[in-house]
Amino acid sequence: MKKKLIREVSLEEAKALKIRKKVAKEVSVAIADAVAQCKVDVISAYPITPQTHIVEYLSELVNNGELESEYIPVESEHAAMSACIGASAAGARTFTATSSQGLLFMYEVLFIASALRLPIVMVIANRSISAPISIWNDHSDVMTMRDSGWIQFFAENGQEAVDLIYHSYRIAEKSLFPVAINIDGFILTHVIEPVEFLDQELVDKYVPHLKMNYKLDPKKPVTMGAIGVPEIYTEAKKAQDEAFNSSYKIIINAWKEFEKLTGKRYQPVEIYKMEDAEVALVIMGSLTETAMNAVDLLRDEGKKVGLLRLRLWRPFPLRDFIKAIGKVKAIGVVDRAVSHGATGGPVGIEVRSALYQSNKRPKIVNFIAGLSGRDVTVEDFIELFERTYHAIKTKPTFSYKIYGVKE
Amino acid sequence: MPKEEGLISWKKLAPGMAILKPGNSVEFKTGDWRAFRPILDKEKCIKCGLCYVFCPDLCYEKDEEGYYISNLYYCKGCGICAQNCPRGAITMVLEEEI
Ligand code: SF4
Ligand code: SF4
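Residues numbered from 1 in each chain as written. Chains lettered and ligands numbered in written order. Predicted model: local features only at pLDDT ≥ 70, side-chain atom pairs only at ≥ 80, totals over all residues. Heavy atoms only, no water.

K.L.:
Explain the overall build of chain B here, please?
P.N.:
Along its length, chain B carries 2 helices and 4 strands. Mapped from its N terminus to its C terminus, chain B presents α and β elements in the order β-α-β-β-α-β. Across the 98 residues that make up chain B, the buried fraction comes to 29%. Accessible surface computed for chain B: about 6,900 Å², of which carbon and sulfur atoms make up 54%. A distance of 5 Å separates the average location of the 13 positive side-chain charges in chain B from that of its 14 negative side-chain charges. (Helix = DSSP H or I, 4+ residues; strand = E, 2+ residues; numbered from the N terminus. Buried < 20%, exposed > 50% of the residue type's maximum accessible area, 1.4 Å probe, protein only. Areas by Shrake-Rupley, 256 points an atom, 1.4 Å probe, with all protein chains shown as cover. Lys, Arg positive; Asp, Glu negative; His and termini not counted. Charge placed at Lys NZ, Arg CZ, Asp CG, Glu CD.)

K.L.:
Sorry if this is basic, but what is going on with the site of ligand 2 here?
P.N.:
Around ligand 2, the surrounding shell consists of C55, P56, Y60, S70, C75, K76, G77, C78, G79, C81 and M92 of chain B. Broken down by class, the residue content of the shell around ligand 2 amounts to 7 nonpolar, 3 polar and 1 charged. (Near = heavy atom within 4 Å. Nonpolar A, V, L, I, M, F, W, Y, C, P; charged D, E, K, R; others polar.)

K.L.:
What is the right way to look at helix α2 (residues 27-37) of chain A in this model?
P.N.:
Among the 11 residues of α2 of chain A, 11 are classified as buried, and the element is accordingly described as predominantly covered. In the segment just after α2 of chain A, K39 of chain A is the residue with positive phi, at about 50°.

K.L.:
Explain the packing of aromatic side chains to me, please; I cannot follow it from the model alone.
P.N.:
The relative placement of two aromatic rings is captured by the distance of their centres and the angle of their planes. Residues and elements named next belong to chain A. Tallying each qualifying case throughout the model produces 12 aromatic pairs over all chains. Ring geometry for F153 versus W255: centroids 5.6 Å apart, planes at 45°, classification tilted. Separated by 102 residues along the polypeptide, F153 in strand β6 (residues 151-154) and W255 in helix α10 (residues 230-262) bring together distant segments of the chain. By relative accessible area, F153 is classed as buried at 0%. W255 sits in the buried class, given a relative accessible area of 1%. Taken together, F153, Y206, W255, F258 and Y266 form an aromatic cluster joined through their ring pairs. Over the face of the ring belonging to W313 we find R314, whose NZ or CZ atom lies 4.4 Å from the ring centre. When the ring centre of Y356 is taken as reference, the NZ or CZ atom of R361 above it lies at 4.8 Å. (Phe/Tyr/Trp six-rings, centres within 6.5 Å; stacked < 30°, edge-to-face > 60°. Lys NZ or Arg CZ within 6 Å of the ring centre and 35° of its normal.)

K.L.:
So what exactly am I meant to see when it comes to the pattern of salt bridges here?
P.N.:
Where charged atoms of side chains with opposite charge meet at close range, the side chains can pair. Residues and elements named next belong to chain A. Taken as a whole, this structure holds 24 salt bridges over all chains when the rule is applied. K264 serves as the salt-bridge partner of E196, at 3.3 Å between the closest nitrogen and oxygen. Of the two residues, E196 is situated in the loop between β8 (192-195) and α9 (200-206) and K264 in the loop between α10 and β9 (269-272); the sequence distance between them amounts to 68 residues. On the basis of relative accessibility, which here comes to 8%, the residue E196 falls in the buried class. With relative accessibility at 18%, the residue K264 sits in the buried group. K329 is the partner of E278 in a salt bridge, and the nearest nitrogen-oxygen pair spans 3.8 Å. A residue pair is termed long-range when its members are at least 10 positions apart, and E278 in the loop between β9 and β10 (279-283) and K329 in the loop between α12 (318-324) and β13 (330-335) qualify at 51 residues. (Salt bridge = Lys/Arg side-chain N within 4 Å of Asp/Glu carboxyl O.)

Right, here's the structure in full:
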């Protein structure tokens, strides 16, 4: 593996670079700490592996009096989301977290949260869906809520998960849409990472107290969730869709503001060694860091490979994506969920559809890898790059392939 | 029936289609959903008020003589009143036949 250069940084330089103290924390605990820093009013959650530590630790903070929030220990995930909807409609800042079957159990109300424009923030510790029952990581849970009207991010590591908590409250409350932050179950939730937190002062500045223009308030009554007869439903959906698409700008602005405060740059699509790349993989979540190692090794051999990571999944950053692919000749999309009977994995379908809206016509191959915690190693990524290379000169014979299956 | 058209521009809707004016559901005309109309036979009615109690839309109002009369602006024609009338005083009649 390629050695990283380590450079000593003086204290003055560190200050200038705005480098802050890092603390070693389990990512779940770090997420809970960031949520507490955002001074949420209501936390409503039901435990499910591998998400449990997040809400467990939050309940501890509330119990110890370190966090002044209402903690509602509900009887199910459906109730968890419903309680968040109620609290949010009344003007409270809310938080919940879930995973896999838990997310599916709250499915019905997810759409209500977004259509009622409630700025709920939820962390999803991504885990595969039963059957067969599995607690390990892939993206099949969140892909079911792809069309739910939630803003959806994928974090690559613990630091990003923490930063995305700050971003999400700001973005949710400015756009009036709920936000889901996806973190890979176990791979992120259960590892200890050095994490740097924003100073409380900065958090207060970046995520100011929630003010809802319309909320359930007996002094100023409004109706939320009224019937949408055929004469109004289409207009309601159009309004929601327009607002959802324009949340993109709010997301970008929130990241610009974050950069001003911290020097850290966040973008919808992260690129790695894409400048002159001929072949690229598209990926989401924590596997990216493994894929980067594969890129480094292949680059050492003179292969022009690069990586595109989607941090923002919904709204899909169409323009950024088309710009980011540069002049690649072939793209390998690495999906982590199966869309049975479709023309590809969820990301593969999206990428093909996105490119049809541009003049760029790279070859596209779609792999489904890393289901239910199956390791995708550096060697695997090298293999995926090679197969993508192969696609440049050949006609792809498949619309997608489940990678690494024992025949 | 005419094809439905939009009632209001999507640009004019409050976020989440919240309704900002309280108590305006009285304006909501549910009467044009009706296929059957409840017709009261005053000869049979004993003014017990069960129709008033059972109507899911609270359509019934008492007139000066004490009869319960369905407000057709709201009546959806569900027939619950007719089902529950102990005297069979309400008949559901197809709108076209009236
Ligand atoms: S339920 Fe029948 S009898 Fe009683 S008031 Fe209504 S119509 Fe008259
Ligand atoms: S038909 Fe239904 S809606 Fe109409 S008056 Fe009777 S109970 Fe009410």
